[in-house]
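Summary of structural features
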Amino acid sequence: MEENQRNDPVERDMLVEKVRQVKAEVGKVIVGQEQIIEQVLMAIATGGHCLMMGVPGLAKTLLVSTLSKVLDLSFKRIQFTPDLLPSDITGSDIISEQPDGSRRFVFMEGPLFANMVLADEINRTPPKTQAALLEAMQEHRVTVGRASYPLPEPFFVLATQNPIEQEGTYNLPEAQQDRFMFFLNVVYPDHAEEMEVMRRTTGNLSADLKIVLRAAEILALQRFTRDVSCPDHVCEYAVRIARRSRLDRGGEGKDAVPDFVRRYVEWGAGPRAGQYLILGAKARAFMDGRPHISEADVRAVAHPVLRHRIIVNFNAEADGVASDWIIDRILESVSRGD
């Protein structure tokens, strides 16, 4: 019975249509940024987290808060600062006086206890506090003292970083970056979009947002997304892309490390890269109403999945080579069958 409900084509088509409605509702507030909106929705459809990079004023925070309203999810924003402590975000035990006059420790939930958490300027807090997110992102729970507390489902972390003003910031550890499904570059709007931003934000107009999806439907969306079929040759394609970025493969011919990887890569993408390439491709196919994924779906998500997992070395920095360039070369070499 449960399996039949999961594969109900009527419910699947309804969820596909509702995802399109979510995009339309978010578009009432956010001008442009269609690709970013779609990629965030793809992460939500797979239960993944997003790390967004962009200069101030590009509506990153507004995008997340708008999505939480359209999806009817509880939303908390955490402004990360150098003096933020782990307990400030996870919560802590406090002494509470009971009606009978006794005292006992009671857990006071922190802002992580929400469906959608915006970790604003996450690189402005020390690694100790950054690490407090690791268990929440991976296990969807928080451990304080000897007790563990489950987080509400669904649960998403959307973090932002500012590419400028790097003084007083702390680079995210590679292990924590790897927990983010996507690394999204939020860019400036074009001329027409910026004109529309001016019109919308300098008057008295306000968008009337409608709730399109709720928590239970999002959990169903995640189940349907994972049910999308992945042919063996597409899975092989994703594995080859991830493995092509690594220095320790050895071998000759097609198994040899490409020269550009040997020259510019410090550390390649791990197994999570392949997992997220497939999950991202499944979300893309599902949102497009297709029952199975293709190599084109994998290529479409390769940059946001890999750009924070391929760590470039000093040679790359000296030559002005970024991970996006390396990803382009990897996709070209794999498509050629090298």
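Heads up: these notes are all about the structure in this document. Treat the numbers as computed from the prediction; the structure is a model and nothing was measured. (Residues numbered from 1 in each chain as written. Predicted model: local features only at pLDDT ≥ 70, side-chain atom pairs only at ≥ 80, totals over all residues. Heavy atoms only, no water.)

1. Quick notes on the layout of surface pockets
Selection criterion: Cavities and pockets were defined on a 1 Å grid built from protein atoms only: a cavity is a group of points that admits a 1.4 Å probe but offers it no way out, a pocket is an open group of points flanked by protein on both sides within 12 Å along at least five of seven lines, and a lining residue is one with an atom within 4 Å of any such point. Grid points are joined across faces, edges and corners, and a volume is the space filled by probe spheres set on the points. A helix here means a DSSP run of H or I that spans at least four residues, while a strand means a run of E at least two residues long, and both kinds are numbered starting from the N terminus. Gly is placed with the polar residues, together with every amino acid not listed as nonpolar (Ala, Val, Leu, Ile, Met, Phe, Trp, Tyr, Cys and Pro) or charged (Asp, Glu, Lys and Arg).
The calculated volume of the largest pocket comes to roughly 640 Å³. Taken together, 23 residues form the lining of the largest pocket, with M53, Q177, F183, R307 and I311 sitting closest to its centre. Of all the elements in the fold, those that place two or more residues in the lining of the largest pocket are α8 (174-177), β9 (182-185), β11 (311-312), α15 (314-319) and α16 (323-336). Tallied by class, the residues present in the lining of the largest pocket amount to 10 nonpolar, nine polar and four charged. Estimates place the volume of the second largest pocket at around 510 Å³. Of all elements in the fold, only α4 (60-70) and α9 (191-201) reach the threshold of two or more residues within the lining of the second largest pocket. Per element, the largest residue contribution to the lining of the second largest pocket is six residues, and it comes from α9. Classifying every residue of the lining of the second largest pocket by side-chain character gives 13 nonpolar, six polar and five charged.

2. So, the pairing of strand β3 (residues 91-97)
We count it as follows: For two strands to pair, DSSP has to find at least two bridges joining them.
Summarising the sheet, β3 and strand β4 (residues 103-109) pair through seven bridges and their orientation is antiparallel. If you follow S92 over to β4, its bridge partner there is M108. Here β3 folds back onto β4, and the loop between the two strands holds five residues, one of which, G101, carries a positive phi near 95°.

3. As for the environment of P258
What counts, and what does not: For the exposure calls, accessible area comes from a 1.4 Å probe over protein chains only, and a residue counts as buried if that area is under 20% of its type's maximum, exposed if over 50%, partly exposed in between.
The residue P258 is located in the loop between α11 (232-244) and α12 (259-264) in this model. Here P258 falls in the buried class, since its relative accessible area comes to 12%. Counting along the chain gives 11 residues from P258 to L247, while the straight-line C-alpha distance between them is 8.7 Å.

4. Here we look at the packing of aromatic side chains
How we decide: Only Phe, Tyr and Trp rings take part, Trp by its six-membered ring, and two of them pair if their centres are within 6.5 Å. Stacked means planes under 30 degrees apart, edge-to-face means over 60, and tilted covers everything else. Two limits define a charge over a ring: the Lys NZ or Arg CZ must be within 6 Å of the ring centre, and within 35 degrees of the ring normal.
Applying the stated criterion to the full structure yields five aromatic pairs. Measuring from centroid to centroid gives 5.9 Å for Y264 and W325, while their planes differ by 90°, and the two rings are edge-to-face. Taken together, the positions of Y264 in helix α12 and W325 in helix α16 put the pair 61 residues apart, joining distant regions of the chain. Site record: aromatic cluster; members linked through ring pairs are F107, F113 and Y149. Over the face of the ring belonging to F260 we find R329, whose NZ or CZ atom lies 4.6 Å from the ring centre.

5. Regarding unusual backbone geometry
Among all residues save glycine, negative phi is the norm, and among peptide bonds the norm is trans. In this model, E153 is joined to P154 through a cis peptide bond whose omega is -5°. Relative to the helices and strands, P154 resides in the loop between β7 (147-150) and β8 (156-161). The phi dihedral of Q33 is positive, around 55°, even though this residue is not glycine. Position of Q33 relative to the elements: it lies in the loop between α2 (9-26) and α3 (34-46).

6. A few points about the packing of α11 against helix α14 (residues 295-306)
Test applied: Interaxial angles span 0 to 180 degrees and are taken between N-to-C directions of axes, which are lines fitted to C-alpha atoms, for helices over the stretch in contact. When describing relative orientation, an angle under 35 degrees is termed roughly parallel and one over 145 degrees roughly antiparallel, while 65 to 115 degrees is termed roughly perpendicular and anything else oblique. In a left-handed crossing the near helix is turned counterclockwise from the far helix by less than a right angle, and in a right-handed crossing that turn is clockwise. Contacts are residue-level and defined by heavy atoms, with any inter-residue pair within 4.5 Å sufficient.
Here α11 crosses α14 at 30°, and the two axes come no closer than 10 Å. In terms of orientation, α11 lies roughly parallel with respect to α14. The way α11 lies across α14 gives a crossing that is right-handed. In this structure, α11 uses H233, V234, Y237, A238 and I241 to contact α14, whose residues at the interface are E295, V298, R299 and L306. Residues of the contact of α11 with α14, tallied by class, amount to six nonpolar, one polar and two charged.

7. Side note on empty space enclosed by the protein
If you walk through the whole model with that rule in mind, you get two cavities of 30 Å³ or more. Here the largest cavity defines a volume of roughly 40 Å³. Considering the residues around the largest cavity, the lining is formed by V19, L41, I44, A45, L71, L213, I218, L221 and M287. Of all the secondary-structure elements, those providing two or more residues to the lining of the largest cavity are α3 and α10 (215-227). Counting residues per element, the lining of the largest cavity draws most heavily on α3, which supplies three residues. Within this model, the second largest cavity holds a volume of roughly 30 Å³.

8. Overview of the sheet that holds strand β2 (residues 75-79)
Reading across from one edge, β2-β5-β8-β1-β9 is the order of the five strands in this open sheet, with parallel pairing throughout. The two strands at the open ends of the sheet, each matched to only one other strand, are β2 and β9. For this sheet, the mean inter-axis angle between neighbouring strands, taken without regard to orientation, is 20°. Bridging between strand β1 (residues 50-53) and β9 involves four bridges; their strand directions are parallel. Considered in β9, the bridge of L51 is made with F183. Against the sheet, α4 touches β1, β2, β5 (116-120) and β8, its axis set at about 170° to β5.

9. What to know about the environment of V16
Positionally, V16 belongs in helix α2. Assessed through its relative accessible area of 5%, V16 is described here as buried. When the C-alpha positions of V16 and R124 are compared, they lie 37 Å apart, and in sequence the two are 108 residues distant. In contact with V16, not counting residues within four places along its chain, are F286, M287 and G289.

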